[in-house]
Each structure stands twice: as C-alpha cells, then as structure tokens.
Amino acid sequence: MPGACGCGKSTITYNIARYSNVDVVVFVICGERSSDLSDFLYGIQYARTETAEPATSKICIVANSCNMQPAAVEGSIYTGAAIAEYYRDMGYRVALVADSTSRWAIALQDIASHLGEIPSDRGYPAYLKNELSKFYSRAGRVQCIGSPVREGTITVVGSVSAQGGDPTDPVFTATLELAHAFWALDTRLAQRRHYPSVNWTRSFTHCLVHLDSWLRGVDEDFISMREQALQLLRSEEELAETVAAVGKDALPDSTKEILAIARCVREFFLQQNIFNTYDKFCTLSKAAWMLRALLRYHDLAQHALVRGHGNWAAVHRATDQAWTAVTHVKYQDFDLTTSDDTHFKQVMDDLEEAFVTLD
C-alpha cells in the first residue's frame, strides 16, 4: 500500500487492524514519528471493534519510533513476524500489519552504511529485495504440526512511504513485484479529500480468481458489475483531455451521461466518510445493490438517448426522482445480514417505472 505523506496510509492500516475479521492482529510500527506513535497508542486504548469489543483485546503492538536506533527499527519487523507465526501455529487467523516498510528499509540502509557495505540503488543495500521477499513470504495458510489438527493463516499488510509518491522508489518497485494485492494511494485524490484515496486504475489484485466463487455466492453479478464500473472509470480518464480542451457542452449526450455516471461511481460508491455510521461500514451485499442501481440507471439512460427521448439533460430531469432514490441508497443504514433487501428492490422497481414513463 504505497503513497506519499497525507494519503491516508496510517488511517487505512489502523482501521484494518481495528476492524479486520481475524483472531489476532500484530501491528508493527517501525520508524514512525513519536507524535504519530503516541496518537495511535492513545486512540487504540479507547477503540472498539465492529462487534463493540475493545480493540486491544486482539491487537499486539510492536512499536519503534524514528528516534530509536536503526537496529531496533530493523528488528521490529522480524519481531512482529515471529509473534504472528507464534499465533498462527496455535491455529489462529493472524493479520500482520507493518507501517511502514520504507522506514524499515532506511534502517537497513543505515546499518549497511555503518558496516561499509557497497550501496545499491539510492543507497539501499543490494539485498533489499531479498529481505522484503523474506518478509512477505511469511504470509499464507498452513496445516500446523501436532495435535489437535488445526489450521493457521497469516495475512501481511505493508505500507510504503515513497517520498513524494515516487513510483521509481526501490522499496516501491520491489514491493510491487512481491505483492499479490496492491492499493496505490493517489496524492491527487487525497488533495480532493477523496478518501480512501485508492487509485482504481493503478491498483490491482492477483487474488480475484480465488475470490470468484465467494463473490458470486454474495451476488452472482458482482464480477460483471465490477468490470463495467471499472470500464466507466477508465472511459472518464480517457475523456479528461477532451473535456479540458472543448468543455462538456461540446460532447455528445451519451458521453455526457457516461461522465455523470462515472462521477457518481467515484463519489457515491468509492468515496467513504469514516465519521458517519451509514458510510463507515458497508457490507458486500449493500455494495452490490448500490452498484447494481447505478449501472442499471446507466443502461436505461443510454437506451433512452438512443430511442430519442431528448438530450441527457432532459432525460436526467425526467428521471430526477429515481436518480435521487438511487444516490440516496448510500445514506441508508440497512442491516443486510438478515437478507432483507426489500428497500433495494423497491428502488430498482421505481427506477424501471421512471424510464417506462418516458416511452
């Protein structure tokens, strides 16, 4: 999870540690500023998990501030990994969170310099990638030896504090090659107060093939809806230069509609507000219904434009009430764990009815 300062890396890692669905969280704070460390330790003692339990009941913290010796900062990663493996061998599901591996790499750089080792790219030791590989390779699922029969897992989450978000940073590039899932935090999104500031085009995952059956169990159309939403966001980026050159008014109505829906996907679906209960958490079922409503509006609007029911502004005005209902689904705090999706089905029925009246 790379990103420049102010992109929200610490906030994301903190909330992963607080709300992740695991038995034990080992949170390694290596090389952070003393003020950030004290804020974290102060806040975690009052924090509650999603089930209202104290967050400290499942979190083990390994803390080293930036003013400590490089050997202590370097050892914090290995200490956290050893603790995580201890709980994994007991049959627990463990999340190992490291914030941040860049400062750990700087500690390796300082130690290598004192030992007189020949530096590599930007002064880092030549074995930097090998050390990162050893750390990330500790993640996985294992069948523990002995009895009783038990299975333990370690999930590794690491943040990378690349200076200025530089994509050529050695720690950044080495992590990119090793990670199975990559959340690229974008400075421009953070400056626009779009949080979490995860860039949807640069981020990727190699785990989707393993999640396919599980996602289809939640919603059989989730994979196809995800691809359609990504295509809308890519289209918006491709059209950005054209919009800057000629303005939105000069674009065809179908393109105006695509830009409007893509903006809604960004602000309605992807952007979250951690201070609101309705937006702080979102079940996958609710997310699927939100996305389905947006994409269905998009399909119906495109068909209406093709059939000649006026321009985009006229179609939008005529279906304004349905549009408001679709975009307000986000602000409803529904408990979909009971499979009660009556409200969402009503929103979809009203949406269909709104476009039927156009014919």
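Residues numbered from 1 in each chain as written. Predicted model: local features only at pLDDT ≥ 70, side-chain atom pairs only at ≥ 80, totals over all residues. Heavy atoms only, no water.

J.: Go over the sheet that holds strand β4 (residues 140-143), please, and point to the residues and values.
T.: Across the sheet, which stays open at both edges, the five strands sit in the order β2-β1-β3-β5-β4 with mixed pairing between neighbours. Sheet topology places β2 (59-65) and β4 at the edges, where each strand pairs with a single neighbour. Taken over all neighbouring pairs, the strand axes of this sheet differ in orientation by 15° on average, direction set aside. Looking at chain direction, strand β1 (residues 24-32) and strand β3 (residues 93-99) are connected through six bridges and run parallel. Paired with Ile-29 across the strands is Asp-99, a residue of β3. (Pairing = 2+ DSSP bridges. Helix = DSSP H or I, 4+ residues; strand = E, 2+ residues; numbered from the N terminus. Axes fitted to C-alpha atoms, helices over the stretch in contact; angles between N-to-C directions.)

J.: Quick one: what's the story with the packing of aromatic side chains, residue by residue and with numbers?
T.: A complete count under the given rule lists twelve aromatic pairs for this structure. Pairing Trp-289 with Phe-344 gives two aromatic rings, centres 5.9 Å apart and planes at 25°, and the pair type is stacked. Of this pair, Trp-289 sits in helix α12 (residues 284-306) while Phe-344 is found in helix α15 (residues 342-356), placing the two residues 55 residues apart along the sequence. Here Trp-289 and Phe-344 have matching classes, each one buried. Of the aromatic side chains, those joined through ring pairs into one cluster are Tyr-78, Trp-104, Phe-135 and Tyr-136. (Phe/Tyr/Trp six-rings, centres within 6.5 Å; stacked < 30°, edge-to-face > 60°. Buried < 20%, exposed > 50% of the residue type's maximum accessible area, 1.4 Å probe, protein only.)

J.: Any chance you could break down the pattern of salt bridges for me, citing the residues and the numbers?
T.: Counted by the stated rule, this structure contains 14 salt bridges. Across the salt bridge formed by Arg-266 and Glu-236, the nearest N and O atoms sit 3.0 Å from each other. Of the two residues, Arg-266 sits in helix α10 (residues 253-270) while Glu-236 sits in helix α9 (residues 222-246), which places them 30 residues apart along the sequence. The same class applies to Arg-266 and to Glu-236, which are both buried. Three or more residues joined by partner-sharing salt bridges are found here, namely Asp-219, Asp-221 and Arg-292. (Salt bridge = Lys/Arg side-chain N within 4 Å of Asp/Glu carboxyl O.)

J.: Explain the pairing of β3 residue by residue, including any values.
T.: Most of β3 is tucked away: six of the seven residues are buried. Bridge count for β3 against strand β5 (residues 151-159) is seven bridges, and the pairing is parallel. The residue of β5 that forms the bridge with Asp-99 is Ser-159.

J.: Describe in detail the nonpolar core, supporting the description with residues and values.
T.: For soluble globular proteins, nonpolar side chains are generally found buried alongside one another. Among the nonpolar cores identified, the biggest contains 38 residues, and Tyr-297, Leu-351 and Phe-355 are the most heavily contacted of them. Counting residues per element, the ones that place at least two in this core are α9, α10, α12, α13 (312-318), α14 (320-327) and α15. At twelve residues, the largest contribution of residues to this core is made by α12. If sequence neighbours within four positions are ignored, Tyr-297 has contacts with Glu-257, Ile-261, Trp-312, Val-315, His-316, Thr-319, Trp-323, Leu-351 and Phe-355. With 29 residues, the next largest nonpolar core counts Ala-81, Ala-105, Tyr-136 and Phe-182 among its residues. (Core = buried A, V, L, I, M, F, W, Y, C linked by side-chain atoms within 4.5 Å. Contact = heavy atoms within 4.5 Å.)

J.: Describe in detail the environment of Thr-13, supporting the description with residues and values.
T.: With respect to the helices and strands, Thr-13 occurs in helix α1 (residues 9-19). Its relative accessible area of 0% is what places Thr-13 among the buried residues. If sequence neighbours within four positions are ignored, Thr-13 has contacts with Met-1, Phe-27, Val-97, Asp-99 and Ser-159.

J.: An account of the environment of Tyr-78 is needed here, citing residue identities and associated values.
T.: Here Tyr-78 lies in helix α3 (residues 70-89). In this structure Tyr-78 touches Trp-104, Glu-131 and Arg-138, once residues within four positions along its chain are discounted. A distance of 2.6 Å separates the side chain of Tyr-78 from the side chain of Glu-131, its partner in a polar contact. (Polar contact = N/O pair within 3.5 Å; in protein donor to acceptor, adjacent residues only side chain to side chain.)

J.: Which residues make up the packing of α9 against α10, and what values go with them?
T.: Following both chains from N to C, one finds α9 and α10 inclined at 120°, their axes separated by 9 Å at the closest point. Put simply, α9 runs oblique to α10. Once α9 is placed against α10, the crossing between them reads as left-handed. Packed against α9, whose contacting residues are Ala-229, Leu-232, Leu-233, Ser-235, Glu-236, Leu-239 and Val-243, the element α10 presents Thr-255, Ile-258, Leu-259, Ile-261, Ala-262, Arg-263, Val-265, Arg-266 and Leu-270 at the interface. (Parallel < 35°, antiparallel > 145°, perpendicular 65-115°, else oblique. Left-handed = near helix turned anticlockwise from the far one by under 90°.)

J.: Outline unusual backbone geometry, supporting the account with residue identities and numerical values.
T.: For the bond from Asp-99 to Ser-100, the omega torsion is 0°, close enough to zero to count as cis. One can find Ser-100 in the loop between β3 and α4 (101-114). Ser-147 connects to Pro-148 through a cis peptide bond whose omega is 0°. Mapped onto the secondary structure, Pro-148 falls in the loop between β4 and β5. Residues other than glycine seldom take positive phi values, yet Arg-193 does so here, at roughly 60°. Residue placement: Arg-193 occurs in the loop between α7 (187-191) and β7 (204-205). Residue class for Arg-193 comes out exposed when judged on its relative accessible area of 56%.

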